[in-house]
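Residue strings, one per chain:
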Amino acid sequence: MQRILAAFLAFAMVLSTALLLLTRIVRPEDIEVSQDTADSAYQALSGNSAYLSANTVERVGMLLRAIGRQPKTAEEFEQVASMYVGRGNYAEAAVLYESSIQLTDAADTESLANRELKLGSAYVLDGDMEHAEASYLKALEYDDSLALAHLLLAQIYFEQNRYEESAERISAYLQLVPNDTQNRTMLGNLYESMQQYDLAFNEYLAAYSRTRSAADCMNVARAALLNGNYAVGYQYLSTYLAQNEDPDGSVHYLRGAALMGQESYAEAEADMLEAIKLGYSDAADCYVQLTLCTYMQGDFTSTLIYGRQAQSRWETPNAECLQRMGLAQMQLGDYVSSIDDLRQSIAADATLTENYYYLATACLLTADYQSARDAYTTAIENEYLLQECYYNRAICCLQLEDYDAAVADLLACLDAGNDESILTSAREILEQLGIQPPDLEP
């Protein structure tokens, strides 16, 4: 009897262990989709599932009642499918959900919609996105108010880089669940990635109006700046700074940029300096921006000081900063240094074609007429300030005693613009050279 009892107890323990293993709930892990998508799919599977929402004892009872019985109704197939979902056997669960759908009354669109939603979610967790998409679309044909189906389609489309379709589905989802600020922010992120900054701003603002969170406040500010609305960007950055610290200087940098966009250069200078003080990661760029702030204020000495600070820190030369430094040197009368900075600017970015005009002018002011002539030629080739360039190149040609070229440039100058002072001067020089200038059209 003792041996029989021992054997029975051992069998009971094994059976109990087996039942617990069979009925334990396995959350989806190490699957092909993102964790957010997996969580949403599992939510769709477990939301109204009697099995997945039951406690361990109840699941054991359900399993014992199902063992040895062939499911016959749509409800029975759905329950068995839930058991497979609980064990993480999503492919088998999908087959059972398909059977459940086939046995569902065609007039029962509510049940069909929910079972298609579950079938699609089983496909998601099994990594079959093509069939998952088809099932979700069928679910929405039966019931377009299934918010979770819209959301899951949006997540699938996002992971497939189908951003416009993803945005459409999240919009549909938010019409049904307007208070979901997390997914509203995701929609804003989508619009931002598609460079639809006005739409991104609207979604971020709607989220911030509900949460008043620091993160959403920064989202609103960033989208406003990207959309070129510097005043609104400044407003929300100031709101953020009134309530939060700026541990790395990045918020002051952005606010400085917003002020520059409004041509408030003195205030922008203060914010950029504060960003540097707080340890902003790209101090070189701060100093580059400071050269613009000071140049626009007419503080050319500070422009040069900030420019040298930028030069000592940057990895790649900034052509616009070097250009401003060259112009500042010119304003201060140091034409030799101006030429050096402008040549460096051209080397950094030859597409800043106005540099050739500035360089030519600096060379002209140092009496380097050949270099000035060459630079004006390049400026003319780039069609920059043609009348001024033709006239000034003519002056260089006269100094180089190339009178034929000077006459050609002066005649070209007459047809290149309407500046009265240049036209009058060009006609006077032509007359001194013995050339009768053509009559100007009235």
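Quick caveat, the model's predicted, so the values are computed rather than measured. (Residues numbered from 1 in each chain as written. Predicted model: local features only at pLDDT ≥ 70, side-chain atom pairs only at ≥ 80, totals over all residues. Heavy atoms only, no water.)

1. Remarks on the overall build of the chain
Here comes step 1: Check the secondary structure of the chain and you find 24 helices and zero strands.
Here comes step 2: Buried positions account for 46% of the 442 residues belonging to the chain.
Here comes step 3: For the chain, the share of sequence-separated contacts (at least 6 apart) that also reach a separation of at least 24 residues comes to 49%.
Here comes step 4: Total accessible area on the chain stands at roughly 22600 Å², and carbon and sulfur atoms take up 49% of it. (Helix = DSSP H or I, 4+ residues; strand = E, 2+ residues; numbered from the N terminus. Buried < 20%, exposed > 50% of the residue type's maximum accessible area, 1.4 Å probe, protein only. Contact = heavy atoms within 4.5 Å. Areas by Shrake-Rupley, 256 points an atom, 1.4 Å probe, with all protein chains shown as cover.)

2. Points about the packing of aromatic side chains
Here comes step 1: Taken as a whole and judged by the stated rule, the model has eight aromatic pairs.
Here comes step 2: With a centroid separation of 6.2 Å and 35° between ring planes, the pair formed by Tyr-287 and Tyr-306 is classed as tilted. Here Tyr-287 is found in helix α16 (residues 283-296), whereas its partner Tyr-306 is found in helix α17 (residues 300-313), with 19 residues between them in sequence.
Here comes step 3: One aromatic cluster is present, built from ring pairs that chain together Tyr-357, Tyr-358, Tyr-376 and Tyr-384. (Phe/Tyr/Trp six-rings, centres within 6.5 Å; stacked < 30°, edge-to-face > 60°.)

3. Structural notes on the nonpolar core
Here comes step 1: In this structure, Tyr-97, Leu-117, Val-124 and Tyr-136 are the most contacted members of the largest nonpolar core, which totals 65 residues.
Here comes step 2: For this core, the leading source of residues is helix α8 (residues 147-159), giving nine residues.
Here comes step 3: Apart from residues lying up to four places away in sequence, Tyr-136 is in contact with Ala-41, Leu-117, Gly-120, Ser-121, Val-124, Ala-149, Leu-152, Leu-153 and Ile-156.
Here comes step 4: Counting residues in each nonpolar core, the second largest holds 57 residues, with Met-272, Tyr-280, Leu-290 and Tyr-358 among its members. (Core = buried A, V, L, I, M, F, W, Y, C linked by side-chain atoms within 4.5 Å.)

4. So, the confidence of the model for the chain
Detailed reading of the predicted model is not advised wherever pLDDT is low.
Here comes step 1: Per-residue pLDDT for the chain averages 89, and the proportion of residues at 70 or more is 87%.
Here comes step 2: Below a pLDDT of 50 lies the segment residues 5-25, which in the model reaches 19 contacts outside its immediate sequence neighbourhood of four places, other chains included. (pLDDT = per-residue confidence, 0-100.)

5. Let's talk about the environment of Arg-210
Here comes step 1: Tracing the backbone through its elements, the reader meets Arg-210 in helix α11 (residues 197-211).
Here comes step 2: Each C-alpha atom, one on Arg-210 and one on Thr-181, is 7.5 Å from the other, the two residues being 29 residues apart in sequence.
Here comes step 3: Discounting chain neighbours no more than four positions away, the residues touching Arg-210 are Pro-178, Asn-179, Thr-181 and Arg-184.
Here comes step 4: Within the structure, the side chain of Arg-210 is placed 3.4 Å from the backbone oxygen of Ala-206, a separation counted as a polar contact. (Polar contact = N/O pair within 3.5 Å; in protein donor to acceptor, adjacent residues only side chain to side chain.)

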